[in-house]
Amino acid sequence: MTNFKTGGPWVTRFAPSPTGVPHLGNARTAVLNFLLARQSGGTFLLRLEDTDRERSTFAHEAAILWSLAWLGLTPDSPVRHQSLRLDHYHQAVARLADDGRAYPCFCSEADLEHERAEAAAKGLPPRYSGRCAALSHAEGADRVASGESHVMRFRLPDQADVAFTDLIKGDMRVPSGAFGDFVLLRQDGWPSYNLAVVVDDIDMGVTLVLRGEDHLTNTARQILLYQALGGTPPSFAHHGLLVDTEGKKLSKRSGALGIPDCVRAGLEPMAVVHYLASLSGALPTKKLFESLDDMARAFNPFALGRGNAVMNLDELRALSARYFRAADPESHVRALDEAMPAGDLWHALPDGLRRDLVLGLRDNAATLDDLRALLPHFTADEIRYGASAFSELTAGTAVLDALLDALPASDPQTRLTASEASELLRQTAARADVKGRALYHPIRLALTGSDSGPELSALLTLLTVDRIRERVHAALNMFRPRTNKE
């Protein structure tokens, strides 16, 4: 029996329609196809299903390509566009017509709507009655030649139910009467979804169609088309959908988080790929992966569940923060070099200090923007104090005096070691006879003007001795209680 292991190496494909910005729901399908292809030594292909001429745009196409590149999901062959392959679809329909498996249908939309209404009144699913299937070949050809508006339909075979094995959902069976003769070519000559998909999958050599379960209803029609065109149907696997915490399907139209939104939120691309693959249990979440190839080797497609996967943005942010903090610090230095304005003091810092700042601060950051927001604590020439700092700094001047007394008399441009910073705080606490918040908070406020931010140990080891002394003096001059003589 074919399964994910015995059927490889798999040729998979991601086939989005450029009708909107890619969101995490369809990105998950791309991730699963990419990892499975890589794991099995197969091929990952990309196809743009751009036959919806009213809604497909070049902007959305660019967004798809850019998003896949950001995620690192590089296809193994150039992207295919369905809009450039119309002749292939017409040739396929001509073959089907020659074999008696396709015929022209001249029914108007009013006729079809009447049939749908009759079926609904009887509690039956909507399906085409097949009235034009009874037309002779000559009559159909004459009416087409006269320019009469028509579509081309697939003639269903007289057979039993359509059965197939889904690699995720197991054995599936679709009743023979579940649908009627379906459209292959529309009135404007453009292909239907099912026709284009089958023709392209045959031409591209796709061996596994891994997609969301919302496409499950199309599978029976596609299998019949494969057989009629003389192709071997690929294996099928339909994964559960990505839903929000209320159980609602994520989609473009529902405002689901798009890949550009992930970029704006500062999420790490490796974390997004890892999270989307892990939702079904196909990847462990405790381990961080160094590369997509490492991720592919650990990917377990047998864990892909039948149920829906619940998207939790807080979990994704937490995983992204772990990847951010584990990244090569030089990559953060380069990113900050590009992000900081040309005149910012960041660029004047020595290379070693910039790297030390990244290493010292990123445990207090989850994104590059967070890290960037911490830099003024070290690069600002002047500290701005909020109103909330007034009372605490006024009451904490004794702590600041003790800190200055305990500060070692060393080269002003040197920085304290971790042990020196610890000893400085110990001596300050002893001289001022304070501990806990009463010790740490006045020092933090004097050095940064903020109630939160980097750890105090990071502040004391990353600021130069001269900068520490300078900021403490400035705070004392501003907040030391005045005497009557003053």
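Residues numbered from 1 in each chain as written. Predicted model: local features only at pLDDT ≥ 70, side-chain atom pairs only at ≥ 80, totals over all residues. Heavy atoms only, no water.

Asker: How should I be thinking about the overall build of the protein in this particular structure?
Answerer: Of regular secondary structure, the protein possesses 21 helices and 12 strands. By the compact-globule yardstick of 23 Å for 486 residues, the protein is too spread out, its C-alpha radius of gyration being 33 Å. In terms of overall dimensions, the protein has C-alpha extents of about 115 × 45 × 40 Å along its principal axes. Classification of the 486 residues of the protein by burial places 47% in the buried group. A separation threshold of at least 6 residues defines the contact pool for the protein, and within that pool the share at least 24 residues apart is 78%. For the protein, the exposed surface amounts to about 23,400 Å²; the carbon and sulfur share of it is 51%. Distance between charge centroids for the protein: 3 Å, based on 53 positive and 61 negative side chains. (Helix = DSSP H or I, 4+ residues; strand = E, 2+ residues; numbered from the N terminus. Rg over C-alpha atoms; globule rule 2.2 N^0.38 Å. Buried < 20%, exposed > 50% of the residue type's maximum accessible area, 1.4 Å probe, protein only. Contact = heavy atoms within 4.5 Å. Areas by Shrake-Rupley, 256 points an atom, 1.4 Å probe, with all protein chains shown as cover. Lys, Arg positive; Asp, Glu negative; His and termini not counted. Charge placed at Lys NZ, Arg CZ, Asp CG, Glu CD.)

Asker: Is there a simple way to think about the packing of aromatic side chains in this case?
Answerer: Geometry of an aromatic ring pair is reported as the spacing of the ring centres plus the angle between the planes. One pass over the structure, following the stated rule, counts seven aromatic pairs. The residue whose ring lies beneath Arg153 is Tyr128, and the NZ or CZ to ring-centre distance is 3.8 Å. A cation over a ring is seen here: Arg221 above Phe179, with NZ or CZ 4.4 Å from the ring centre. (Phe/Tyr/Trp six-rings, centres within 6.5 Å; stacked < 30°, edge-to-face > 60°. Lys NZ or Arg CZ within 6 Å of the ring centre and 35° of its normal.)

Asker: What is the right way to read the side chain of Ser320 from this model?
Answerer: Along the chain, the position of Ser320 falls in helix 11 (residues 313-326). In this structure the side chain of Ser320 is engaged in a polar contact, spanning 2.8 Å, whose partner is the backbone nitrogen of Glu268. Those residues in contact with Ser320, other than ones at most four positions away along the chain, are Gly266, Leu267, Glu268, Ala271 and Ala366. (Polar contact = N/O pair within 3.5 Å; in protein donor to acceptor, adjacent residues only side chain to side chain.)

Asker: Got a minute to help me understand the packing of helix 17 (residues 397-406) against helix 18 (residues 418-432) in this structure?
Answerer: Two packed helices can be described by the angle between their axes and the distance between those axes. It is at 8 Å that the axes of helix 17 and helix 18 come closest, and there the two elements cross at 130°. Our classification of the angle between helix 17 and helix 18 gives oblique. Here the hand of the crossing between helix 17 and helix 18 comes out right-handed. Residues Ala398, Val399, Ala402, Leu403, Asp405 and Ala406 of helix 17 form the contact with helix 18, whose own contacting residues are Leu424, Gln427, Thr428, Arg431 and Ala432. Among the residues forming the contact of helix 17 with helix 18, the class breakdown is seven nonpolar, two polar and two charged. (Axes fitted to C-alpha atoms, helices over the stretch in contact; angles between N-to-C directions. Parallel < 35°, antiparallel > 145°, perpendicular 65-115°, else oblique. Left-handed = near helix turned anticlockwise from the far one by under 90°. Nonpolar A, V, L, I, M, F, W, Y, C, P; charged D, E, K, R; others polar.)

Asker: I tried to follow unusual backbone geometry on my own but got confused; where do I start?
Answerer: Between Gly8 and Pro9 the backbone carries a cis peptide bond, its omega angle lying at 0°. Following the sequence through the fold, Pro9 ends up in the segment before strand 1 (11-14).

Asker: How should I be thinking about the pattern of salt bridges in this particular structure?
Answerer: For side chains bearing opposite charge, pairing can occur when the charged atoms are close. According to the stated counting rule, one finds 26 salt bridges in the structure shown. With its nearest N and O atoms 2.5 Å apart, the salt bridge here joins Arg85 to Asp203. Of the two residues, Arg85 sits in the loop between strand 3 (80-81) and helix 3 (86-98) while Asp203 sits in helix 6 (residues 193-204), which places them 118 residues apart along the sequence. Between Lys169 and Glu213 there is a salt bridge, with its nearest N and O atoms 2.7 Å apart. On the criterion of sequence distance, the pair formed by Lys169 in the loop between strand 6 (162-166) and strand 7 (170-174) and Glu213 in the loop between strand 9 (208-212) and helix 7 (216-228) is long-range, its members being 44 residues apart. Residue class for Glu213 comes out partly exposed when judged on its relative accessible area of 25%. Ionic contacts of the salt-bridge type, sharing partners, join the residues Arg13, Arg47, Glu49, Arg85, Asp200, Asp201 and Asp203 into one network. (Salt bridge = Lys/Arg side-chain N within 4 Å of Asp/Glu carboxyl O.)

Asker: Would you mind going over the environment of Leu460 with me for this structure?
Answerer: One can find Leu460 in helix 20 (residues 456-462). Here the alpha-carbon distance between Leu460 and Pro284, two residues 176 residues apart in the chain, equals 38 Å. Apart from the residues within four sequence positions on either side, Leu460 is in contact with Leu416, Ala421, Leu424, Leu425, Leu447 and Ile468.

Asker: What is the right way to look at the packing of helix 18 against helix 19 (residues 437-448) in this model?
Answerer: Packing of helix 18 against helix 19 brings their axes to within 10 Å, and their N-to-C directions diverge by 115°. By crossing handedness, the relation of helix 18 to helix 19 is classed as right-handed. On helix 19, the residues touching Leu425, Thr428 and Ala429 of helix 18 are Leu439, Tyr440 and Ile443. Of the residues contributing to the contact of helix 18 with helix 19, the split by class is five nonpolar, one polar and no charged.

Asker: Help me understand helix 3, please; the structure alone is not making it clear to me.
Answerer: In a regular helix each residue adds 1.5 Å, so 13 residues correspond to 18 Å; helix 3 covers 19 Å between its end C-alpha atoms and thus fits that length. Buried residues along helix 3 sit in contact with strand 4 (102-105), strand 5 (151-154), strand 8 (183-185), helix 6 and helix 7. Among the residues trailing helix 3, Gly100 stands out with phi positive, at a value near 80°. (Expected span 1.5 Å × (residues − 1).)

Asker: In this structure, what is going on with the side chain of Asp50? I would like to understand it.
Answerer: Mapped onto the secondary structure, Asp50 falls in the loop between strand 2 (43-48) and helix 2 (58-71). Of the buried charged residues, Asp50 lacks a salt bridge, with Arg47 as the closest side chain of opposite charge at 8.5 Å. At a separation of 3.1 Å, a polar atom in the side chain of Asp50 contacts the main-chain amide nitrogen of Gln82.

Asker: Please clarify how the sheet that holds strand 4 should be interpreted in this entry.
Answerer: In sheet architecture, strand pairing relies on hydrogen bonds along the backbone and comes in two forms, parallel and antiparallel. With antiparallel pairing, three strands are arranged side by side in an open sheet as 4-5-8. Only two strands of the sheet have a single neighbouring strand rather than two, namely strand 4 and strand 8. Neighbour to neighbour, the strand axes of the sheet diverge by 45° on average, direction disregarded. (Pairing = 2+ DSSP bridges.)

Asker: So what exactly am I meant to see when it comes to the sheet that holds strand 2 here?
Answerer: Within the open sheet, the three strands sit side by side as 1-2-3. Their pairing is parallel. Strands at the two margins of the open sheet, each flanked by one partner only, are strand 1 and strand 3. With respect to the sheet, helix 2 is in contact with strand 1, strand 2 and strand 3, its orientation differing from that of strand 2 by roughly 160°. Sheet strands touched by helix 6: strand 1, strand 2 and strand 3. Its angle to strand 2, the strand with the most contacts, is close to 145°.

Asker: I'm lost on the pairing of strand 4 in this one. Help?
Answerer: Regular strands have side chains that alternate between both faces of the sheet. Burial along strand 4 is two-sided: the face carrying Ala102 and Pro104 and the face carrying Tyr103 and Cys105 are both buried. For strand 4 and strand 5, the ladder comprises four bridges, and the chain directions are antiparallel. Paired with Cys105 across the strands is Val151, a residue of strand 5.

Asker: What is the right way to read helix 2 from this model?
Answerer: Three- or four-residue spacings in an α-helix give side chains the same orientation, since the helix completes a turn every 3.6 residues. Relative to the 20 Å expected for 14 residues at 1.5 Å per residue, helix 2 spans 20 Å between its end C-alpha atoms, a close match to the ideal helical length. Residues Glu61, Ala63, Ile64, Ser67, Leu68, Trp70 and Leu71 constitute the buried set of helix 2. Once helix 2 finishes, Gly72 follows within two positions and takes phi at roughly 85°, a positive value.

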